[in-house]
Every structure is written in structure tokens, then in C-alpha cells.
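As a plain string of letters, each chain reads:
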Amino acid sequence: MNIMQNSAASEVARRRTFAVISHPDAGKTTLTEKFLLFGGAIQLAGEVKAKKNRISTRSDWMAIERQRGISVVTSVMTFEYGGHVFNLLDTPGHADFSEDTYRTLTAVDSAIMVIDAAKGIEARTRKLFEVCRLRDIPIVTFINKMDRETRDPFELLDEIEKTLALDVTPMTWPVGRGRSFAGTYDLGRNTLRGLDSEETPRQLSGPDDPQIASFIPADEASAFRDEVELARDGSKPFDLDSFREGHLTPVFWGSALRNYGVRDLINGLGAYAPSPRNQQAASRMVEASEPKMAGFVFKIQANMDPNHRDRIAFLRVCAGKLQRGMKAKLVRTGKPISLSAPQFFFAQDRSVADEAYAGDVVGIPNHGTLRIGDTLTEGEELVFRGVPSFAPEILRRIKLQDAMKAKKLREALQQMAEEGVVQLFLPYDGSNAMVGVVGALQLDVLAERLQGEYGLPIAYETPRFSVCRWISSDDEMELDRFIEANRSGMAHDLDQAPVFLAGSAFLLQYEQERWPKIAFADVKDYQ
Ligand code: GDP
């Protein structure tokens, strides 16, 4: 290996690409700000705050996002700390669920699960966790808001273990709780850190070290000692392999708001979370350390200027080095694409970076050339698997107010579907197009964009269908027979794949039983 390759390998090794999963209000935004402060990206931390306070006018926010003070779009924040490069991929923070969230989780190598210490596991945390589990994404847990009234720490650990069927290993232990919360104790090293501003924690002799008394009242100190012993005796030792396989979560405690425990957490992420993984393509496994660039698009964000069809495609680099100005091959079409203006997301100074390695995400401006699931390479015919489409939970038929604009609507819907705003289903019987979404908010986004960018006011109608599945069969004749028999419930998706629409889960099941040779899929990988 020559020096160039060596340095590329070490660039890859120091990267950690992750997401934060949590229920709204658990403290994701506050934690993100603190991460960025650690990374020296103070300005950007301010912007995260501004988003919450709805005062920003940054042009890449959708009107709907401004209205509601929520983040509809997925953004990327890169910062450096402790020798590592962290790529934090933000998932939408509102309670509603969208496909963006799923897709973003296909582009990370690990996740931080933030739990509110007073509430424990909440609905959305659980749902996001399940998506992570599907892909065996390793999870680091942060139990936040320890400065407030909390539930019993053992009870919280127990809840994670039982409800998520996940082994837990506390890495630190809270020193005091609520008003007297004063820091974190490292169970492995016997060190105590007060505020996160203490870079080096103080070494103690053990949980009964008299120095504890200067942090918390005497009665709490004795309870602390007992708890530390119980925590050590009662929990499994940390096992890196088990964590990397997604079976065990290391647990850290803290208060993002009051600056406790975040340094432990980020150090833990740097030390234990995996560097960019190897990525499965249809033909072979692509290793992160390979010299040739390869990556996939997991997210498209429309530009805010309604007069331009500009889009930013977010590409997760999986191998090699992406450089400004290079030519790549768009495998779906076989055509070259010039990466003349890729955006790098180093929070400190965007202009510094002009190359990206495996694990990094770059934004590629384009006019509709790139689609979700697209693979870019330096020439090889690779197709990465795993940016999925999920069978929508909500189906709506589009009603156009001005029938003269049907063609324009078709084009607009095609574009919106390519961007992944909604899924598009065109019925075989030629009736109006249907859209499908996982979260209802996606419908609002679509209506707003059709109006704002295309001047197309639309309304939604609830069709008689409520469930859909991609169908396939090894027996082509049988598939044809099924389609013939169910013609009024058949549609094409964006890629011309056949989709069966059913009136209810019950009716779907009925058909599944009647047609055993037909496979009904609720997830489809982009081709
Ligand atoms: P998100 O919805 O998960 O992004 O949550 P935020 O970061 O916006 O936090 C929700 C609320 O909890 C805000 O009012 C925060 O100030 C507050 N908060 C966040 N972290 C802590 C913490 O560690 N302690 C306390 N007391 N409040 C916190």
C-alpha cells in the first residue's frame, strides 16, 4: 500500500457516520448543538437553535418547515473531535414519520438513542429503533435530563432491555440526580467528570472515594456507592462485538442542557462505534477502503427557488475518494455526471473540504438527473442495495382542480416521486394517479410544493384502497393471471413495478391465501 492509500485508509478509519433517534422533546436538538460545540462549529450550533425558534431565513428551508418550526428535510452536519470526523445525519424531528427517516437510516453506521430520563422508551424511539434493528445498526444510548426528576436508573435500564430486547451495559453512572445531579462516574475507569468542560476527568479510588462527598450530599453518596456496586454486579460487561452486531447498547447518562455526560457520550461513540462499513452491491461487497469512488443517493432535497428545478442529491460515499471536479458514472443511465460543485458539509468551514471519503455525505446539485437509490461510480456497474421503499400506510387519489393541467400534473408527480416526497401509483385502469405516504405530513408537503412550484392546486380523495403490496412471482403465467383477475386493483409504481392495491388488510390476506405462488412485498429496494 502506498502512502496515498494509507492516508485514505486512515481517513476512513476515523469517520463515524451516525444519526440521533429519539421521541420529540427528549433533547435531540440540544444534544446536537452540544456536539457541534465540541466540534468547534459554534456558528452552526446557533443555526440549530434558530431552527427551533423559527427565526432563520436560510433559503433552503421549505415554507412548510418555517410555518411549523420543524425540519422536514434531512440535513448533514460534519464536525471533528478527538481525532474523529463525525458525520451526523439529521432525521426529521416531528412526531410524524416519513420515508426520509427510513432512508437516512440506510446511510448511517451507528445511531445514538436519546431517552428522556423521566419518560423512558417512548413510541417514536421504539419505532426508529425497530428500523435500526432491521439493519443491525449499533446503538449507543444517552439517557438525558438527569438534572430533573427522573425515573429510577435501574428501572430505565430494565425497560430498555425488556421492551427492545437489547442487552444493556451502563458505561457511566449518574452522580446524584435531579437538583443534585453533579456529574458522571465512569464505571470502567473509576473516574468522575463534573461538567463537560472538564476535559480530563478526575481519577478516584472507587465509588467510596471521599471526594464524592464534595459533589453530592452524604446520604446520596452512600446510595450512589450502593448503586455503582449493583450496576457493576448486575449488568453484562461491555462486549464490542455484541454492540457492533446490534445486540447490546452501551448506556451513558447526562444532561445535554446543563452540559453533563455529552463528552462521555461522544468519546464513547468515537471509541466504539464502527467506522464506515462495507456496502453490499448487487454484484459484490464493496469495501470502504477500496480506492475507486462509489456511493449511493439516499436523499433528494429540492432547492427552494420555485423558478428553478434545482435539487440537491445527498450521496453517501461508500468507497474511494470523491473529489471536486471529478467525473462519475451514473449507473442507472450509464451516463457520466460531472461533480463540479459538490457540497461538503464540514460545519466549521464549508470551503475547506474538497474531497470526501467513505462514510462522508456530499450534496450534489443537479436538475433532476439523480434519483433516490442511484449509484455513482468511477465506471464499474455497481448497484447498491438497501435504500428501500416501504409500502405506504396512507393512500390518496389526486384530484386536480383544473383538468386542463393533467399533463403538467403528471410531470410534477413524476418529479416529486423521484425526489422521494411521495410514492406514485398509476392505476392500470387509467383513473387518476394515487400517491402513497408513510407519514401524513408528506401529503401536506406534496400539496404545498405542487401549488408553490408548479402552480397546481390539488385536493386529495380517499380511494377505496388502503393497503398496497409489490407483487412478484417465479411463475410468470401465474403473475399474469393474478394481474388479470385483479385488474381494477392494479397499479404501476415509478419504476413500472406492479403493485396490488387492496381495500383492507383483511382483503389482502384473503388474496394472499388464494394465490400462494404470488409474493406480496411490503418493502421494495430501489433498483
Ligand atoms: P428535541 O425535540 O428532541 O429536539 O428536544 P429539544 O432539544 O428541543 O429539547 C426539548 C426541551 O427539553 C427543550 O425545552 C430543552 O431545553 C429541554 N432539554 C433538553 N435537554 C435537557 C436536559 O438535559 N435537561 C433539561 N432540564 N431540559 C432539557
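For every chain, the first residue of the written sequence is number 1, and numbering continues from 1 onward in sequence order. For this predicted model, a pLDDT threshold of at least 70 governs which residues receive local features, and a threshold of 80 or more governs which side-chain atom pairs are given and counted, while totals over whole chains, interfaces and linings are taken from all residues.

Colleague: So what's going on with the overall build of the chain? Residues and values would help.
Modeller: Under the DSSP-based scheme used, a helix requires at least four consecutive residues in state H or I and a strand at least two consecutive residues in state E, with every element numbered from the N terminus. A count of helices and strands for the chain gives 14 helices and 32 strands. Exposure in this text rests on C-beta crowding, where 20 or more other C-beta atoms within 10 Å of a residue's own make it buried, 12 or fewer make it exposed, and counts in between make it partly exposed. The C-beta atoms are placed from the backbone. Out of the 527 residues in the chain, the part that is buried amounts to 45%. A pair of residues counts as a contact when their C-beta atoms, built from backbone coordinates, are within 7 Å of each other. Considering only intrachain contacts with a sequence separation of at least 6, the fraction spanning at least 24 residues in the chain is 71%.

Colleague: Lay out the nonpolar core in plain terms, naming residues and giving numbers.
Modeller: If you look at soluble globular proteins, the nonpolar side chains tend to sit buried side by side. Membership of the largest hydrophobic core comes to 100 residues, with the highest contact counts inside it found for Ala111, Ile112, Cys132, Val297, Leu315, Val317 and Cys318. In contact with Ala111, not counting residues within four places along its chain, are Phe18, Ala19, Val20, Ile21, Cys132, Ile137 and Ile139. As used throughout, a nonpolar core is a set of buried Ala, Val, Leu, Ile, Met, Phe, Trp, Tyr and Cys residues joined through C-beta atoms within 7 Å of each other. Listed in part, the 33 residues of the second largest apolar core include Met434, Val445, Leu446 and Leu501.

Colleague: If you had to explain the packing of helix α11 (residues 406-419) against helix α12 (residues 441-454) to someone new, which residues and values would you point to?
Modeller: Angles run from 0 to 180 degrees between N-to-C directions of axes, and those axes are lines fitted to C-alpha atoms, restricted for helices to the stretch in contact. In the contact formed by α11 and α12, the axes pass within 11 Å of each other and the chain directions differ by 125°. Classed by the angle they form, the pair α11 and α12 counts as oblique. Between α11 and α12 lies a crossing whose hand is right-handed. Where α11 abuts α12, its residues Lys408, Ala412 and Met416 lie against Leu446, Arg449, Leu450 and Tyr454. Looking at side-chain class alone, the contact of α11 with α12 contains five nonpolar, no polar and two charged residues. Angle categories: roughly parallel below 35 degrees, roughly antiparallel above 145, roughly perpendicular from 65 to 115, and oblique for all the rest. Handedness of a crossing follows from how the near helix is turned relative to the far one, being left-handed for an anticlockwise turn of less than a right angle and right-handed for a clockwise one. Residues are grouped as follows: Ala, Val, Leu, Ile, Met, Phe, Trp, Tyr, Cys and Pro are nonpolar; Asp, Glu, Lys and Arg are charged; every other residue, Gly included, is polar.

Colleague: Which residues make up the site of the ligand, and what are the values?
Modeller: Think of it this way: take the backbone, place a C-beta atom on it, and check whether that atom is within 6 Å of the molecule or strand, in which case the residue is near it. What surrounds the ligand is a group of 18 residues, the closest being Gly27, Lys28, Thr29, Thr30 and Leu257. Top contributing element to the shell around the ligand by residue count: helix α2 (residues 28-38), with three residues. Split into classes, the residues belonging to the shell around the ligand amount to four nonpolar, seven polar and seven charged.

Colleague: So what's going on with the pairing of strand β5 (residues 139-144)? Residues and values would help.
Modeller: With six of six residues buried, β5 is to be regarded as a mostly interior element. Residue alternation in β5 divides its side chains into two sets, Ile139, Thr141 and Ile143 and Val140, Phe142 and Asn144, and both sets are buried. In this structure, strand β4 (residues 110-116) lies alongside β5, joined through six bridges in parallel fashion. By the bridge assignment, Asp116 is partnered in β5 with Asn144. For the segment spanning β4, helix α6 (residues 123-134) and β5, crossover handedness is right-handed. Pairing between β5 and strand β11 (residues 248-253): three bridges, direction parallel. Among the inter-strand pairings, Ile143 is bridged to a residue of β11, identified as Trp253. Only strands joined by at least two bridges in the DSSP assignment are considered to pair. A clockwise path from the first strand over the helix to the second, with the strands pointing away from the viewer, defines a right-handed crossover.

Colleague: Summarise the sheet that holds strand β2 (residues 76-81); cite the residues concerned and give the values.
Modeller: A sheet is described by the order of its strands in space; here seven strands give the open sequence β2-β3-β1-β4-β5-β11-β6, paired in mixed fashion. Both edges of this open sheet fall to β2 and β6 (167-170), since each of them pairs with a single strand only. Across the sheet, the mean angle separating the axes of adjacent strands is 30° when strand polarity is ignored.

Colleague: Tell me what's going on with the environment of Lys145, and back it up with residues and numbers.
Modeller: Position of Lys145 among the secondary structure elements: in the loop between β5 and α7 (153-164). For the pair Lys145 and Gly178, spaced 33 residues apart in the sequence, the C-alpha separation amounts to 8.3 Å. The contact partners of Lys145, leaving out residues within four places of it in the chain, are Gly27, Asp116, Ala117, Ala118, Thr150 and Ser255.

Colleague: Which residues make up the pairing of β4, and what values do they have?
Modeller: Counting buried residues along β4, seven of its seven residues qualify, which places the element largely inside the surrounding structure. What you see with β4 is no split at all: Ser110, Ile112, Val114 and Asp116 on one side and Ala111, Met113 and Ile115 on the other are buried throughout. The pairing of strand β1 (residues 15-22) with β4 spans five bridges and is classified as parallel. Across the sheet, Val20 pairs through a bridge with Ile112, a residue of β4.

Colleague: Kindly report on the sheet that holds strand β17 (residues 327-330), identifying the contributing residues and their values.
Modeller: In spatial order, the strands read β18-β17-β22-β14-β15-β21-β19; together these seven strands make up an open sheet with antiparallel pairing. In the strand order of this sheet, the two ends are held by β18 (335-338) and β19 (343-344), each with one partner. Both strand β14 (residues 294-302) and strand β22 (residues 375-377) contribute to a ladder of three bridges, which runs antiparallel. Pairing of Gly295 across the sheet is with Leu376, part of β22.

Colleague: Account for unusual backbone geometry, naming residues and giving values.
Modeller: Glycine aside, residues mostly have negative phi angles, and peptide bonds mostly take the trans form. Positive phi is not limited to glycine here, since Asp136 has a value of about 50°. Within the fold, Asp136 resides in the loop between α6 and β5. Within the chain, Ala165 stands out as a residue other than glycine whose phi angle is a positive 50°. Residue position: Ala165 is located in the loop between α7 and β6. On the basis of neighbour counts, which here come to 9 C-beta atoms within 10 Å, the residue Ala165 falls in the exposed class.

Colleague: Break down the environment of Glu461 for me, with residues and values.
Modeller: Mapped onto the secondary structure, Glu461 falls in strand β27 (residues 458-461). For Glu461, a count of 10 C-beta atoms within 10 Å corresponds to the exposed category. Along the chain, Glu461 and Leu395 lie 66 residues apart, while their C-alpha atoms are 9.0 Å from each other. Those residues in contact with Glu461 that sit more than four places away from it in its chain are Arg396, Arg397 and Lys399.

Colleague: Explain the confidence of the model for the chain to me, using residue names and the numbers behind them.
Modeller: Atom-level detail of predicted coordinates should not be read off regions where pLDDT is low. With 87% of its residues at a pLDDT of 70 or more, the chain has an overall mean of 87. Per-residue confidence from the predictor is reported as pLDDT, a score between 0 and 100. Ignoring residues within four places in sequence, the model shows residues 42-74, a span with pLDDT below 50, making 55 contacts including any to other chains. Here residues 347-352 scores under 50 on pLDDT; set against residues more than four positions off or in separate chains, the count is 11 contacts. At the level of chain-chain contacts, confidence expressed as ipTM amounts to 0.99, with global pTM at 0.85.

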